[in-house]
Amino acid sequence: MELSPITRVLRRGGRILVVSGAGISVASGLPVYRGLGGLYGDENLPEGIRIEEALSADCMRRDPGLCWKYIRQLVLAGLQAEPNAAHRILAAWQERNPGLVLVTQNVDSLHVRAGSDAIELHGHLRWLDCPSCGRRLRDPDWKTLPPLPRCATCKAVIRPPVVLFDEFLPGKAVSRLQQALAQPFELGLFVGTSALFPYIQEMRDRVRSAGGLAVEINPGDTGLSPGMDLCWREDAAKAFLRLEEEGAAEEARDE
Ligand SMILES: [Zn+2]
């Protein structure tokens, strides 16, 4: 059997960077987000503004009820989602190969729920923080939260640690990523993501300039495709199941 370059690096336990975007969660029933707000098209919201304006720190300051309305819509749309084969297989790879660095743009926590240690560049929704006194509400029940959730201690408006449209990436995640990128990778897998954010292209270029192989797994062409060594046109969950099969067949042959 002809081993794919991905399986070869996996079997060696080589250093691998995996970058995932919304496309990896499609098989879990989540819509492909355009940034944080891809549930929505290009048209304005009923309030006459764009989703990027509603999901911004500026809106959270001026009109927190409006910002919260759309945060809630986003969360409720994905509340039933469960990790799919791609999340589960990646978690198993990472367990076998601690040199695998997983970076995600997703805020859906599906990598973490599958058991991965993921660098969540755009934050997550597993808790709500009070920006005033620092009190943290873990695992909020999104269905029963009031329209404008407030801190039980100081009554300030609380919010999840997600990166809103006009905010910087979280410092801790960025420094973990920078530390990881200081060493070369043999393989970079870009799964269900696009070139929307310039740092994704930078990661691809860094993998290649250090001699690694950059592979895209995506059903369609993206802005990242032209700079890739290989483009695998496949849904993420199906692609990972095939890689898993290929690896298992090799192992059986070795025995
Ligand atoms: Zn507080």
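What counts, and where the lines are drawn
- Residues numbered from 1 in each chain as written.
- Predicted model: local features only at pLDDT ≥ 70, side-chain atom pairs only at ≥ 80, totals over all residues.
- Heavy atoms only, no water.
- Donors = N, O, S within 2.8 Å, 3.2 Å for Na, K, Ca; no water.
- Tetrahedral: all angles 85-135°; square planar, octahedral: opposite > 155°, others 65-115°.
- Buried < 20%, exposed > 50% of the residue type's maximum accessible area, 1.4 Å probe, protein only.
- Axes fitted to C-alpha atoms, helices over the stretch in contact; angles between N-to-C directions.
- Helix = DSSP H or I, 4+ residues; strand = E, 2+ residues; numbered from the N terminus.
- Parallel < 35°, antiparallel > 145°, perpendicular 65-115°, else oblique.
- Left-handed = near helix turned anticlockwise from the far one by under 90°.
- Contact = heavy atoms within 4.5 Å.
- Nonpolar A, V, L, I, M, F, W, Y, C, P; charged D, E, K, R; others polar.
- Phe/Tyr/Trp six-rings, centres within 6.5 Å; stacked < 30°, edge-to-face > 60°.
- Lys NZ or Arg CZ within 6 Å of the ring centre and 35° of its normal.
- Pairing = 2+ DSSP bridges.
- Core = buried A, V, L, I, M, F, W, Y, C linked by side-chain atoms within 4.5 Å.

### Some thoughts on the coordination of the zinc ion
Taken together, Cys130 (SG), Cys133 (SG), Cys151 (SG) and Cys154 (SG) make up the full set of protein donors to the zinc ion, lying 2.3 Å away. For the zinc ion, the 4 donor atoms in the first shell make angles of 99 to 121° at the metal, a pattern classed as tetrahedral. Under the relative-accessibility criterion, Cys154 is labelled partly exposed at 31%.

### What about the packing of helix 5 (residues 85-96) against helix 9 (residues 236-254)?
Running from amino to carboxyl end, helix 5 crosses helix 9 at an angle of 40°, the nearest separation of the two axes being 8 Å. Here helix 5 lies oblique to helix 9, going by the angle between them. Note that helix 5 runs across helix 9; the crossing there is left-handed. Where helix 5 approaches helix 9, its residues Ala85, Ala86, Ile89, Leu90, Trp93 and Arg96 are matched on the opposing element by Ala236, Ala237, Phe240, Leu241, Leu243 and Glu244. In terms of residue class, the contact of helix 5 with helix 9 is built from 10 nonpolar, no polar and 2 charged.

### A short note on the packing of aromatic side chains
Within this structure, the stated rule accounts for 3 aromatic pairs. For the pair Trp68 and Trp142, a centre-to-centre distance of 5.7 Å together with 40° between the ring planes defines the contact as tilted. Here Trp68 is found in helix 4 (residues 64-77), whereas its partner Trp142 is found in the loop between strand 5 (136-138) and helix 7 (171-181), with 74 residues between them in sequence. This pair shows no difference in class: Trp68 is buried, exactly as Trp142 is. Aromatic pair Trp93 and Phe240: ring centres 5.2 Å apart, planes at 45°, arrangement tilted. On the criterion of sequence distance, the pair formed by Trp93 in helix 5 and Phe240 in helix 9 is long-range, its members being 147 residues apart. The residue whose ring lies beneath Arg15 is Phe185, and the NZ or CZ to ring-centre distance is 4.2 Å. Directly above the aromatic system of Trp127 lies the positively charged group of Arg138, at a separation of 4.9 Å from the ring centroid.

### Details of the sheet that holds strand 3 (residues 118-120)
Taken in spatial order, the 6 strands make up an open sheet running 3-2-1-6-7-8, and their pairing is parallel. Strands at the two margins of the open sheet, each flanked by one partner only, are strand 3 and strand 8 (230-232). Adjacent strand axes in the sheet meet at a mean angle of 20° when their direction is disregarded. With 5 bridges joining them, strand 1 (residues 16-20) and strand 6 (residues 187-191) adopt parallel strand pairing. Considered in strand 6, the bridge of Val19 is made with Phe190. In the packing of helix 1 (residues 5-12) onto the sheet, contacts are made with strand 1, strand 6, strand 7 (213-217) and strand 8, and the angle to strand 6 comes to roughly 125°. Against the sheet, helix 5 touches strand 1, strand 2 (100-104) and strand 6, its axis set at about 145° to strand 2.

### Overview of the nonpolar core
Ranked by internal contacts, the top residues of the largest apolar core, which has 25 residues, are Trp68, Tyr70, Ile71, Trp142 and Leu164. Elements that contribute at least two residues to this core include exactly helix 2 (51-54), helix 3 (57-62) and helix 4. Apart from residues no more than four positions distant in its own chain, Trp68 is found in contact with Met60, Leu128, Trp142, Leu145, Pro147, Leu148, Pro149, Val157, Ile158, Arg159 and Pro160. Core analysis: the next-biggest nonpolar cluster, separate from the first, contains 23 residues, Val18, Ile24, Ala85 and Ala236 among them.

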